[in-house]
Amino acid sequence: MGTEMRNTFIPTLTAALFVLAAPVQANNRAVVEAFCAKLLSDPNAADLDTKVRDVVVEDWVWIPTPRGGKGAKGLADTLRYFGSRIPDLKWHPQEILQQGNRYVVRSFAAGTPTGKFFGVEAKAGFKIMTIDINEVRDGRIVKSYHVEDWARAIRQVGGGAKKKH
């Protein structure tokens, strides 16, 4: 291939690859957004198992492992547990950053528990910061790392801390 052809071919090929990758990246971002809007924020959905499997793979890895166990079933069980304790639980993404197939989501979670919440009688609602790093392949989440400030939530629920963010 001559120099002139290389100078035309390589930029054209690079541009084509970006155009082809754009719909995949948009779809992956939509999956990450659905994770917050359709799963975490709707833990009492009648079709929760279907929604979970639309967003995460069957052997999905969540680090640390949630109280409901591993995989898609563990996620569904965890969400049901939180839904039974916090019927109005909502996740509010504030920022989504992307690098390749990884998405970092900075959000806050808010809700008003009923009864006891982590052993504390609920007197108020809570609002806490959360951070998730989600790895997406073929339109579904395969691995997530997450941090949630449940200690702050417990203090707020017990009436010991103001909600700030």
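Just so it is clear, the model here is predicted, and its values are computed rather than measured. (Residues numbered from 1 in each chain as written. Predicted model: local features only at pLDDT ≥ 70, side-chain atom pairs only at ≥ 80, totals over all residues. Heavy atoms only, no water.)

1. Observations concerning the pairing of strand S6 (residues 126–137)
Condition: For two strands to be treated as a pair, DSSP must find at least two bridges joining them. What counts as a helix is a DSSP run of H or I of at least four residues, what counts as a strand is a run of E of at least two, and both are numbered from the N terminus.
Here strand S3 (residues 102–111) runs beside S6; their pairing, made up of 10 bridges, is antiparallel. Counted as the bridge partner of Phe108 is Met129 from S6. As paired strands, S6 and strand S7 (residues 140–148) are joined by eight bridges and run antiparallel to one another. For Arg137, the partnering residue across the bridge sits in S7 and is Arg140. In textbook terms, the turn of a hairpin is the stretch between consecutive antiparallel strands, and for S6 and S7 this stretch comprises two residues, one of which, Asp138, has a positive phi near 50°.

2. Looking at the packing of aromatic side chains
Geometrically, a pair of aromatic rings is defined through the distance of the ring centres and the angle of the planes. Heads up, the condition is: Working definition: a ring pair exists when centres of Phe, Tyr or Trp rings (six-membered ring for Trp) sit within 6.5 Å. Plane angles under 30 degrees give stacked, over 60 give edge-to-face, the rest tilted. For every residue, the accessible area obtained with a 1.4 Å probe (protein chains only) is divided by the maximum for its type, and the residue is called buried under 20%, exposed over 50%, and partly exposed between those limits.
Overall, the coordinates contain 11 aromatic pairs when judged by the stated rule. Look at Phe82 and Trp150: their rings are 5.2 Å apart centre to centre, the planes differ by 15°, and that puts the pair in the stacked class. Separated by 68 residues along the polypeptide, Phe82 in helix H3 (residues 71–85) and Trp150 in helix H4 (residues 150–157) bring together distant segments of the chain. Judged on exposure class, the residue Phe82 and its partner Trp150 are both buried. Centroid distance Phe117 to Phe118: 4.7 Å. Interplanar angle 75°. Geometry classified as edge-to-face. Residue class for Phe117 comes out buried when judged on its relative accessible area of 2%. When its relative accessible area of 37% is taken as the criterion, Phe118 is described as partly exposed. Three or more aromatic residues joined by ring pairs form one cluster here, namely Tyr81, Phe82, Phe117, Phe118, Phe126 and Trp150.

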